[in-house]
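One letter stands for each residue in the lines below.
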Amino acid sequence: MFRSRRSLSARQLWRHRCTTPGRGQGEGAPPSPEELHHALRPAALQLFKKLKDEQLWQLAEAVESKGRWDCGCVWFPLELRSAKQTLAPFVLLCKLYRWPDLRSTSELKRLIHCENYWRKGGEGTSICCNPYHFSRLAAPEASAASSYKTRDTLQPALSKPLHSITNQETTYCNVRGIHDTTLSRGSHKDGHWCKLAYWEHRTRVGRLYNVTEPFIQIFHDLPKGSGFCLGFLGSEARNEMVRRTRKKIGQGLILSHEQEEVWVYNRSEHPVFINSPTLAPVNARGQSVHKLLPGYSIKVFDPQQAERISRCSVLGEGPSDLHSVRISFAKGWGGCYSRQFITSCPCWLEILLSTPK
């Protein structure tokens, strides 16, 4: 009975493998499902055998839910890795369940909510191989460069009068933070590293949300999720386009603060579009909008790049606020899209990063 349960879990895990080519950004054709099947099956079945019962159940739960449930770390003892294994356990599982075209560990980023992230190099005798504790790194290249001046569009949230903010009472899902009704940015001394504002077109919905933890989940629908739940925010004048876009937010994204850098991980099933001054080249004369595909991460704030931009910026050109990041869900804007301004997007997020002082 017990052994058959393990065999059943192993068979279920194999059936849930990704059988379609991934959407990688590198050159070369991804492996076909048949090639993936023949190349990875022996190593995968061997890995399943070496996992402890609890780890096998956790992996099965993570794979079946496709990361919608945080099932915790799936630990694989390092001493069990065979010398014949050419792939690390986590790379093997990422290729099997998420990105068949994955080539190397340099394309991966371990997510901040993974316990392994907080371990120092060489610490521990096991490694987490949960494929949903990883993201794929996105190249910081703009998918759409706009020609309009940054100073004309970068401050819609800060320049709108207070009467444009809905006064409907809002509800948050399992939130742990202080909710502020002011539009002040704040600093690290206030105890939070950023404030979040959610917008629908030109109207801010709900209050500012202070983020004090190292990372925050921002989502519309996430089982067992805790963080900034947009699905519980009400709006008095919500049109059909907003309602459709809100449904596409789904698992949303994870925003993390990592050694003074800020990262965004897109965990939804649709792309998000990002504008950040530090994603643009130094002396850039207009804004750039970056398309971030599902499963990918990108660094949206780089303090070193911010310092270079602040030294090189010419008055009247370039970004007017180095500590502000804009993210639109599912809909892009800028020179390559029908929407020229982010305030034309149905659902978008403003991240007001706290200043060092």
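Below: a short report on this structure. Remember, it's a predicted structure, so these values are computed and weren't measured experimentally. (Residues numbered from 1 in each chain as written. Predicted model: local features only at pLDDT ≥ 70, side-chain atom pairs only at ≥ 80, totals over all residues. Heavy atoms only, no water.)

Here we take up the overall build of the chain. Along the backbone of the chain there are 8 helices and 17 strands. Considering the chain as a whole, with its 357 residues, one finds that 52% of them fall into the buried category. Within the chain, contacts between residues at least 6 apart in sequence are counted, and of these 73% link residues at least 24 apart. Total accessible area on the chain stands at roughly 17400 Å², and carbon and sulfur atoms take up 51% of it. (Helix = DSSP H or I, 4+ residues; strand = E, 2+ residues; numbered from the N terminus. Buried < 20%, exposed > 50% of the residue type's maximum accessible area, 1.4 Å probe, protein only. Contact = heavy atoms within 4.5 Å. Areas by Shrake-Rupley, 256 points an atom, 1.4 Å probe, with all protein chains shown as cover.)

With respect to the helices and strands, His 133 occurs in the loop between β3 (126-128) and β4 (134-137). Once residues lying within four places of it in the same chain are set aside, the contact partners of His 133 are Asp 70, Gly 72, Cys 73, Lys 109, Arg 110, Leu 111, His 113, Cys 114 and Cys 128.

Inspection of the entire model under this criterion finds 10 salt bridges. For Arg 68, the salt bridge goes to Asp 221, with nearest N and O atoms at 3.6 Å. In this pair, Arg 68 sits in the loop between α3 (53-65) and β1 (75-77) while Asp 221 sits in the loop between β9 (215-219) and β10 (228-229), placing the two residues 153 residues apart along the sequence. Taking relative accessible area as the criterion, Arg 68 reaches 28% and is therefore assigned partly exposed. Two residues, Glu 258 and Lys 109, come together in a salt bridge whose shortest N-O distance is 3.0 Å. Residue Glu 258 is found in strand β11 (residues 253-258), and its partner Lys 109 is found in strand β2 (residues 108-110); the two are separated by 149 residues along the sequence. The network of salt bridges with shared partners includes Asp 101, Glu 107 and Arg 136. (Salt bridge = Lys/Arg side-chain N within 4 Å of Asp/Glu carboxyl O.)

Next up on the list: the packing of aromatic side chains. Centre-to-centre distance and the angle between the planes together describe a pair of aromatic rings. The tally for this structure, following the rule as stated, stands at 5 aromatic pairs. On the basis of an interplanar angle of 80 degrees and a centroid distance of 5.0 Å, the ring pair of Tyr 117 and Trp 118 is categorised as edge-to-face. For Tyr 117, a relative accessible area of 25% translates into the label partly exposed. Where Trp 199 meets Trp 348, the ring centres are 5.2 Å apart and the plane angle is 15 degrees; that geometry is what we call stacked. One end of the pair, Trp 199, is in strand β7 (residues 194-200); the other, Trp 348, is in strand β17 (residues 348-353), with 149 residues separating them in the sequence. Of the residues examined, Trp 199 reaches a relative accessible area of 1% and is grouped as buried. (Phe/Tyr/Trp six-rings, centres within 6.5 Å; stacked < 30°, edge-to-face > 60°.)

Take Lys 109: its relative accessible area is 10%, and that puts it in the buried class. Apart from the residues within four sequence positions on either side, Lys 109 is in contact with His 133, Phe 134, Ser 135, Leu 137, Glu 258, Trp 263 and Ser 297.

Further remarks concern helix α8 (residues 303-312). What α8 keeps buried is the set Gln 305, Ala 306 and Ile 309. In an axial view of α8, the angular spread of the buried residues amounts to 100 degrees, which keeps them on one side of the axis. Seen from the buried face of α8, the exposed residues on the opposite side, beyond 90 degrees, are Gln 304 and Arg 311. Buried residues along α8 sit in contact with β15 (296-301). A distance of 3.0 Å separates the backbone nitrogen of Gln 304 from a side-chain oxygen at the start of α8, and that oxygen is part of Asp 302. (Arc of directions from axis to C-beta. Polar contact = N/O pair within 3.5 Å; in protein donor to acceptor, adjacent residues only side chain to side chain.)

Time to look at the pairing of strand β13 (residues 272-275). Side-chain alternation along β13 places Val 272 and Ile 274 on one buried face and Phe 273 and Asn 275 on a second face that is also buried. Pairing between β13 and strand β14 (residues 288-292): 3 bridges, direction antiparallel. Each bridged residue has a counterpart across the sheet, and for Phe 273 the counterpart in β14 is Lys 291. With 4 bridges joining them, β13 and strand β16 (residues 324-329) adopt antiparallel strand pairing. Along β16, the bridge assignment pairs Val 272 with Phe 329. (Pairing = 2+ DSSP bridges.)

Take the nonpolar core next. Across soluble globular proteins, nonpolar side chains have a tendency to be buried as a group. Core analysis: the largest hydrophobic core is formed by 38 residues, its most contacted members being Leu 196, Phe 228, Leu 255 and Ile 274. Top element by residues in this core is β15. It accounts for 4 residues. With residues up to four places along the chain from it excluded, the contact list for Leu 196 reads Arg 207, Leu 208, Tyr 209, Val 211, Ile 216, Ile 218, Phe 228, Leu 255, Leu 349, Glu 350 and Ile 351. Counting 28 residues, the second largest nonpolar core, distinct from the first, contains Leu 59, Val 74, Leu 108 and Cys 129. (Core = buried A, V, L, I, M, F, W, Y, C linked by side-chain atoms within 4.5 Å.)

Let's shift gears to the sheet that holds β11. Ordered by their spatial adjacency, 7 strands build an open sheet running β2-β4-β15-β12-β11-β9-β10, and the pairing between neighbours is mixed. If you trace the sheet from one side to the other, it starts and ends with β2 and β10, each paired once.

A separate point is the state of the cysteines. Within the structure shown, the criterion is met by 0 disulfides. With no disulfide of its own, Cys 73 lies closest to Cys 128 among cysteine sulfurs, the gap being 3.8 Å. In this structure Cys 347 is a free cysteine whose sulfur lies 9.3 Å from that of Cys 345, the closest cysteine sulfur available. Classification of Cys 347 by relative accessible area gives buried; the value is 0%. (Disulfide = S-S within 2.5 Å.)

You can see Ser 135 is positioned in strand β4. A relative accessible area of 0% places Ser 135 in the buried class. With 131 residues separating them along the chain, Ser 135 and Asn 266 place their C-alpha atoms 8.5 Å apart. The residues touching Ser 135, leaving out its near neighbours within four places in the chain, are Trp 99, Glu 107, Leu 108, Lys 109, Leu 111, Tyr 265, Gly 295, Tyr 296 and Ser 297.

Taken by themselves, the reported measurements are silent on function.
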